[in-house]
Amino acid sequence: PVRSLARSSERVLRGEMDPLSVPTAIEEVRDLQQAFSRAAAAARAHAEEREVAAERLRELNQALEERVAERTAALRAANEGLQAEIAQRTIAEQALDAARSEAVREKGRLEAVMQALPVGVALVDAQGGSIQSNAAYEQVWGSPRPPARSVSDYAAYKAWWPETGEPVRPEEWA
């Protein structure tokens, strides 16, 4: 019986959880055999628990890998969107810079044309405020002209209509 128990012990150590040998009639050996059987059952249960835990761990790892892949894909898509937005903004900034440069060139041309005109010309805004005038316009006044920020400021301007001799009213200036 002891040799049988020893062989069963060797099988348990190798991971074989087969039932133990048939119990014997010798009481001490039988008690030892029962204790060994309980230990083997506990080892089997522990091995099964480890296997269940290992399987759960594999499942959790798989779920985590899937979440990481999803998040990575979402971040990649967001990054691509941001890259596209940066490219669009860069193009828009270049277009704005080009438009700004063109506006500066056009303003220079307008100023050159205004200064070359032999008659007095003034540009005013919607409220009648003076934006810009040429040298001929300033010569008409012979001195610094009155400031004009609105139509009512043109009351300081003194002029008469050549056809009628009537004074030019402030609202007629702008």
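Predicted model, so just to flag it, every value in this text is computed and none were measured. (Residues numbered from 1 in each chain as written. Predicted model: local features only at pLDDT ≥ 70, side-chain atom pairs only at ≥ 80, totals over all residues. Heavy atoms only, no water.)

(A) View of the overall build of the protein. Counting secondary structure elements, the protein contains 4 helices and 2 strands. Reading the protein from its N terminus to its C terminus gives the helix and strand order α-α-β-β-α-α. When the accessible surface of the protein is split by element, carbon and sulfur atoms take 59% of a total near 13,300 Å². (Helix = DSSP H or I, 4+ residues; strand = E, 2+ residues; numbered from the N terminus. Areas by Shrake-Rupley, 256 points an atom, 1.4 Å probe, with all protein chains shown as cover.)

(B) How the structure looks around the pairing of strand β2 (residues 130-133). Pairing of strand β1 (residues 122-124) with β2, which is carried by 3 bridges, proceeds in the antiparallel orientation. Bridge assignment links A122 to a residue of β2, and that residue is S133. The antiparallel hairpin formed by β1 and β2 contains 5 residues in its connecting segment, where G128 sits at a positive phi of about 95 degrees. (Pairing = 2+ DSSP bridges.)

(C) Structural view of the pattern of salt bridges. In total, this model carries 11 salt bridges according to the counting rule given. Across the pair E59 and R56 runs a salt bridge, and its minimum N-O distance is 3.6 Å. With E59 and R56 both in helix α2 (residues 27-116) and 3 residues apart, this pair spans about one turn of that helix. Since its relative accessible area comes to 40%, E59 is described here as partly exposed. On the basis of relative accessibility, which here comes to 47%, the residue R56 falls in the partly exposed class. A cluster of three or more residues bridged by salt bridges with shared partners is formed by E102, R105, E106 and R109. (Salt bridge = Lys/Arg side-chain N within 4 Å of Asp/Glu carboxyl O. Buried < 20%, exposed > 50% of the residue type's maximum accessible area, 1.4 Å probe, protein only.)

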